[in-house]
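Listed here are the chains, written in short residue letters.
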Amino acid sequence: TQLVIAMERVGMLAALRSRDRDGLKIGVMVTASHNPHRDNGVKIVDPTGAMLAQAWESKAEKVACCPESQLLETLASVAEGEAASASVVIGRDTRAHSRALSQRVRAGAEALGARVEDVGVVTTPQLHHCVRAANGFSPVVKGPLYGYADALVDAFEALLKTSPHKTGRPDSTVVVDCAGGVGAFWIHQL
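Everything quoted here is computed from the prediction, not taken from an experiment.

**Topic: the packing of helix 2 (residues 57–65) against helix 3 (residues 71–78)**
Put simply, helix 2 and helix 3 touch, their axes get as near as 9 Å, and they point 170° apart. Looking at the two axes, helix 2 sits roughly antiparallel to helix 3. The segment helix 2 lies against helix 3, with Lys59, Lys62 and Val63 engaging Leu71, Thr74, Leu75 and Val78. When the residues that make up the contact of helix 2 with helix 3 are grouped by side-chain class, the tally is 4 nonpolar, 1 polar and 2 charged.

Printed below as a string of structure tokens:
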């Protein structure tokens, strides 16, 4: 189907982007985000944890829209980097088809020689953190997801210290939005 082809091409694009960024890890999040269950999509994360650079959006469109017969030529036209290696980190949401779609992303990235790390079911912010930390743009903490839970707790504690409304009450309530259920897998670590 078109979706399978699109996912493979995203994997290829991520591998090329990694080579362009001297082999640093690029993230791919398979998710429909907050859209209806039937919707599918991907988000590409640059090495710093930011979304794919705007300059690469037109390249992504070329790769996604080119006819199969022109795929190799199109990939060659968007490839800029000369790094010998490429690395892609893949995350996915909880939709039943997300595992199979992430495997297609993996196949596309590996077809261009990329090493692939699958971090499984994660939220989009968790994938951003993993990519950023894996590339050395934030402190790497031991533990699952490059210490995402510890980093989140540390940031929350730092925020509380700046609040002018300190209650000092141990029974204060914190409400956590678990991103349509995906975050529920990880909230127990906090």
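**Things to note about the pairing of strand 3 (residues 87–92)**
With 6 of 6 residues buried, strand 3 is to be regarded as a mostly interior element. Bridge analysis of strand 1 (residues 25–30) against strand 3 gives 6 bridges, and the strand direction is parallel. Pairing of isoleucine 26 across the sheet is with valine 88, part of strand 3. As paired strands, strand 3 and strand 4 (residues 115–121) are joined by 6 bridges and run parallel to one another. Within the sheet, the bridge partner assigned to arginine 92 lies in strand 4 and is valine 121. With helix 4 (residues 98–111) bridging strand 3 and its parallel neighbour strand 4, the resulting β-α-β unit is right-handed.

**Remarks on the side chain of arginine 95**
You can see arginine 95 is positioned in the loop between strand 3 and helix 4. By relative accessible area, which is 10% here, arginine 95 ends up buried. Among the polar contacts listed, one links the side chain of arginine 95 to the side chain of aspartate 93, at a separation of 2.5 Å.

**A closer look at the pattern of salt bridges**
Counted according to the given criterion, the structure contains 9 salt bridges. Notably, a salt bridge pairs aspartate 20 with arginine 17, separated by 2.7 Å at the nearest N-O pair. Of the two residues, aspartate 20 and arginine 17 are both situated in helix 1 (residues 2–20); the distance of 3 residues between them amounts to about one turn of the helix. Close ionic contact of arginine 106 with glutamate 110 constitutes a salt bridge, the shortest N to O distance being 2.9 Å. Taken together, the residues arginine 106 and glutamate 110, both in helix 4 and 4 residues apart, mark about one turn of the helix. Judged by its relative accessible area of 26%, arginine 106 falls in the partly exposed class. Several salt bridges converge on common partners, so that one network encompasses Arg17, Asp20 and Asp46.

**Some remarks on the side chain of glutamine 126**
Within the secondary structure layout, glutamine 126 lies in helix 5 (residues 124–134). Under the relative-accessibility criterion, glutamine 126 is labelled buried at 3%. Separated by 2.7 Å, the side chain of glutamine 126 and the backbone nitrogen of threonine 123 make a polar contact.

**Overview of the environment of glutamate 68**
Within the secondary structure, glutamate 68 is located in the loop between helix 2 and helix 3. Assessed through its relative accessible area of 55%, glutamate 68 is described here as exposed. For the pair glutamate 68 and isoleucine 5, spaced 63 residues apart in sequence, the C-alpha to C-alpha distance is 9.3 Å. Within the structure, the side chain of glutamate 68 is placed 3.2 Å from the side chain of arginine 9, a separation counted as a polar contact.

Scoring rules and cut-offs
Residues numbered from 1 in each chain as written. Predicted model: local features only at pLDDT ≥ 70, side-chain atom pairs only at ≥ 80, totals over all residues. Heavy atoms only, no water. Axes fitted to C-alpha atoms, helices over the stretch in contact; angles between N-to-C directions. Helix = DSSP H or I, 4+ residues; strand = E, 2+ residues; numbered from the N terminus. Parallel < 35°, antiparallel > 145°, perpendicular 65-115°, else oblique. Contact = heavy atoms within 4.5 Å. Nonpolar A, V, L, I, M, F, W, Y, C, P; charged D, E, K, R; others polar. Buried < 20%, exposed > 50% of the residue type's maximum accessible area, 1.4 Å probe, protein only. Pairing = 2+ DSSP bridges. Right-handed = clockwise from strand over helix to strand, strands pointing away. Polar contact = N/O pair within 3.5 Å; in protein donor to acceptor, adjacent residues only side chain to side chain. Salt bridge = Lys/Arg side-chain N within 4 Å of Asp/Glu carboxyl O.

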